[in-house]
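Residues per chain are reported as follows:
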Amino acid sequence: MRLEKRAERSDAMALASPFLALVLTVITAAIIFLIHGDNPFHALYVYFIEPLTALWSVEQLLVKAAPLVLIGAGLAVAYRANVWNIGAEGQLTLGAILAGMIPVMFPGWQSPLTLIMMMLMGILGGMIWGAIPATLRNRFNANEILTSLMLVYVAQLLLDWLVRGPWRDPQGFNFPKSITFTDWQLLPYLTSGIHLGVVIALLAALALGFVMARTVKGFEITVAGLSPRAARFSGFSEKRTILFCMMLSGGLAGLAGAIEISSVVGQLQPQISPGYGFAAIIVAFLGRLNPVGVIFAGLLLALSYIGGEAVQTALQIPDKITRVIQGVLLFYVLACDTLILYRITSGKSA
Amino acid sequence: MDLLLTLPIIIMTAATPLLLAALGEAVAERSGVLNLGVEGMMVMGAVAGFGGAFLTGNPWVGILAAIVAGVLMSLLFGFLSLTLLTNQVATGLALTLLGLGLSALVGEAFVGQPGVRLPTVGGIDPLIPFSFILTTVVGYVLFRTKTGLIIRAVGNSHAAAHALGYRVIMVRYLCVMFGGACAGLAGGYLSLVYTPQWVENMTAGRGWIALALVVFASWLPLRILAGAYLFGTISILSFVMQAQGLGIPSQFLSSLPYLGTILALVVISGNKALTRRNTPASLGQPFVPDR
């Protein structure tokens, strides 16, 4: 078996690749369930299908997809430009910290402006945390992959200190939590289960899809990724692209953090995200690095979280399986993407 | 025991896993392959090492299991990035995400179980001298032997190495596997020596710090040794300062190794001449033989 370069990239394969990857992931999941001693068909049903059959779990799905889509859309744009932001989890955390500052510092301030201010602070926090690796890369040539990841740990430790120290709820029985947010410190719910964050995520991804497909900025980013030399000749500044991509993806991750603490979590606590910032990396690739594709990929990754909880309660399979399935999925997506540019041929070369 | 007497030993145990993992990654990167999956290989080494030792009662079986786990993970990376020509950055990230998830799943049964400790002589375990020997061997092989010349040639210009008749993909597979073995061993060191137990995510970013070490040691083994000991010292000093209760919040001290890594990257990477001289020219680029 060997790979042979196709004459031109296969658009059909580019579309089929994520589905092929999904099929392979489901097969792998079945094998894991089998090893664990479960009926694989029943376990697959509980993991992938059952959550889609009840209204409340579909609402859960949308709520979990919101941060994944928001972060994934930003990362998709950054990765397009070959800007490797892998510290979205940290940018999410800093966004949550700055957004949470409003209700913690001004607990009595209750107006629609409170909520808007929280969201803006969230974006600001993520942008700052994203601008640091960009600036270090632009000024000192420091690798943004490593610096953005290191800042994840720093942000998480900062949050940990805040909720155990200065921002701890004085009436909270010494639990490491801030005060619980109320009224205008929380996002309004559209139905019993879906909050406004779902709509924000959807609109953000669509807007970003438009920017990438129809505007000069989107073109600039695409060129920067495909051919840095061509981008330079066209007068597009590489440094500006790096800063823009890091602040855009950071800002969206920060917004996701603000949305999480003003909805599902409802306060600041040491852990505010089950690794959305890292799962969003998978979302970006699964969504073909296209903000609109990311919407579907985000829903699928959200399903992987909910399915993991479902098999844990129904079949006592550890919910750790979620992260295995997510990791396996990314592997298959990357492997299947090879088929866009290459075909598999048998035997010797011609 | 007196803190001043034990401190050097504690620093050595903190530095050794960083040193081992970084040495392996340096060899892989010298051959032109950027494997960002060190954290994933390391954490799999940690769980396999703990499991091997726990199930057999023999810590050496654990060490062997850790190495095997690291190599298997690296082969997965190699198959995708070298055979299927996937993007190395993305594949490395995938390896880390998969390793963290898989180790958590496999390790469920080991949480809270008593660990098996590798025997020590005067507080020094056998892997500490081994890590020094490995540093010397890697340095010697890379810069004083034909093997090393081939590895560096493949990493600097895969097209030229290929034209000379060297099997680029094969060399890279072997270097990636060496990196996997070292990362696995480093993980096993954590769960058999540093803190003999299994805790989810117990590598806590050490794989990433090792990756950064390789960069700011400019791919030179002796500098990796120095860097690993510098970071071992920083992380242990932050522990000691926490124990002394100087009134500095523990979270700030815990963040020192991460902030230190950023600082070191900034200082070294800013020196463009040094970085350019040592960076493998084909680093991260897939190789497609054009027959």
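Residues numbered from 1 in each chain as written. Chains lettered and ligands numbered in written order. Predicted model: local features only at pLDDT ≥ 70, side-chain atom pairs only at ≥ 80, totals over all residues.

**Q** Can you tell me about the overall build of chain A, naming the residues and giving the values?
**A** The secondary structure content of chain A amounts to 13 helices and two strands. The C-alpha atoms of chain A give a radius of gyration of 21 Å, which matches the 20 Å a tight globule of 350 residues would have. Principal-axis analysis of the C-alpha atoms gives chain A an extent of 75 × 60 × 35 Å. Scored against the burial criterion, the 350 residues of chain A give a buried share of 53%. Within chain A, counting contacts between residues at least 6 apart in sequence, those at least 24 apart form 78% of the total. (Helix = DSSP H or I, 4+ residues; strand = E, 2+ residues; numbered from the N terminus. Rg over C-alpha atoms; globule rule 2.2 N^0.38 Å. Buried ≥ 20, exposed ≤ 12 C-beta atoms within 10 Å, placed from the backbone. Contact = placed C-beta atoms within 7 Å.)

**Q** Report on the overall build of chain B, specifying residues and quantitative values.
**A** The secondary structure content of chain B amounts to 13 helices and zero strands. For chain B, the sequential pattern of α-helices and β-strands runs α-α-α-α-α-α-α-α-α-α-α-α-α. Against the globule reference of 19 Å for 291 residues, chain B gives a C-alpha radius of gyration of 19 Å, in line with a compact fold. Across its three principal directions, the C-alpha atoms of chain B cover 60 × 45 × 30 Å. Within chain B, the proportion of its 291 residues that are buried is 52%. Intrachain contacts of chain B at a sequence separation of at least 6 include 80% that bridge at least 24 residues.

**Q** Give a detailed account of helix α12 (residues 256-269) of chain B, specifying residues and quantitative values.
**A** Taking 1.5 Å of rise per residue, the 14 residues of α12(B) would be expected to cover 20 Å, and the 19 Å separating its terminal C-alpha atoms lies within 8% of that figure. Every buried residue of α12(B) is listed here: B:P257, B:Y258, B:T261, B:I262, B:A264, B:L265, B:I268 and B:S269. All buried residues of α12(B) project into a common sector of 165° when viewed along the axis, lining one side. Structurally, α12(B) contributes buried residues whose contacts are with α5 (112-140) and α6 (144-164) of chain A together with α9 (206-216), α10 (221-244) and α13 (272-278) of chain B. (Expected span 1.5 Å × (residues − 1). Arc of directions from axis to C-beta.)

**Q** Residue-level account of the interface of chain B and chain A, with values.
**A** Listed as interface residues are 40 residues of chain B and, on the opposing side, 38 residues of chain A. Within the residue set of the side of chain B that touches chain A, elements represented by two or more residues are α4 (88-107), α9, α11 (250-254), α12 and α13 of chain B. At twelve residues, α4(B) tops the list of elements feeding residues into the side of chain B that touches chain A. A class-by-class count of the residues in the side of chain B that touches chain A yields 25 nonpolar, twelve polar and three charged. (Nonpolar A, V, L, I, M, F, W, Y, C, P; charged D, E, K, R; others polar.)

**Q** Please give an account of the packing of helix α2 (residues 38-56) of chain B against α9(B) that cites residues and values.
**A** All names here are of chain B. Close contact between α2 and α9 brings their axes to 7 Å; oriented N to C, the two are set at 135°. Judged on the interaxial angle alone, α9 and α2 are oblique. Crossing of α2 over α9 shows right-handed handedness. For the pair α2 and α9, contact is made by V38, E39 and M42 and by R206, G207, W208, A210 and L211, respectively. Among the residues forming the contact of α2 with α9, the class breakdown is five nonpolar, one polar and two charged. (Axes fitted to C-alpha atoms, helices over the stretch in contact; angles between N-to-C directions. Parallel < 35°, antiparallel > 145°, perpendicular 65-115°, else oblique. Left-handed = near helix turned anticlockwise from the far one by under 90°.)

**Q** Requested: an account of the environment of A:L315, with residues and values cited.
**A** Mapping A:L315 onto the fold places it in helix α12 (residues 291-315). Excluding anything up to four places from it in sequence, A:L315 contacts A:D38, A:A43 and A:V46.

**Q** Explain the environment of B:T195 to me, and be specific about the residues and the numbers.
**A** All names here are of chain B. Mapped onto the elements of the fold, T195 is located in the loop between α8 (168-194) and α9. For T195, a count of 14 C-beta atoms within 10 Å puts it in the partly exposed group. A C-alpha to C-alpha distance of 9.8 Å links T195 and T13, two positions 182 residues apart in sequence.

**Q** Describe the environment of A:Q269, listing the residues and the values that go with them.
**A** Residue and element names in this part refer to chain A. With respect to the helices, strands and loops of the structure, Q269 is situated in the loop between α10 (238-261) and α11 (276-286). Taking the C-alpha atoms as reference points, Q269 and K177, 92 residues apart in sequence, are found 4.7 Å from one another. Not counting residues within four places of it along the chain, the set of residues in contact with Q269 comprises V163, P176 and K177.

**Q** Can you tell me about unusual backbone geometry, naming the residues and giving the values?
**A** Even without a glycine there, the phi angle at A:D183 is positive, about 40°. Its identity is not glycine, yet B:S218 carries a phi of approximately 40°, on the positive side. Here B:S218 is to be found in the loop between α9 and α10.

**Q** Report on helix α3 (residues 59-83) of chain B, specifying residues and quantitative values.
**A** Helix length check: α3(B), at 25 residues, gives a terminal C-alpha distance of 35 Å against a target of 36 Å (1.5 Å per residue), a fit within 8%. Immediately downstream of α3(B), the backbone of B:L85 shows phi near 60°, a positive value.

**Q** Any details on the confidence of the model for chain B? Residues and values, ideally.
**A** When the pLDDT values of chain B are averaged, the result is 91; 98% of them are 70 or greater. Scored as a complex, the prediction yields pTM 0.92 and ipTM 0.90. (pLDDT = per-residue confidence, 0-100.)

**Q** Just give me the short version of the packing of α2(B) against α3(B), but keep the residues and values in it.
**A** Helix-helix packing is characterised by the crossing angle of the two axes and by the distance between the axes. Residues and elements named next belong to chain B. In the contact formed by α2 and α3, the axes pass within 7 Å of each other and the chain directions differ by 150°. With respect to their mutual orientation, α2 and α3 come out roughly antiparallel. Note on packing geometry: the crossing formed by α2 with α3 is right-handed. For the pair α2 and α3, the contacting residues are G40, M41, M44, G45, A48, G49, F50, G51, G52, A53 and T56 in the first and P59, V61, G62, I63, L64, A65, A66, V68, A69, G70, M73 and S74 in the second.

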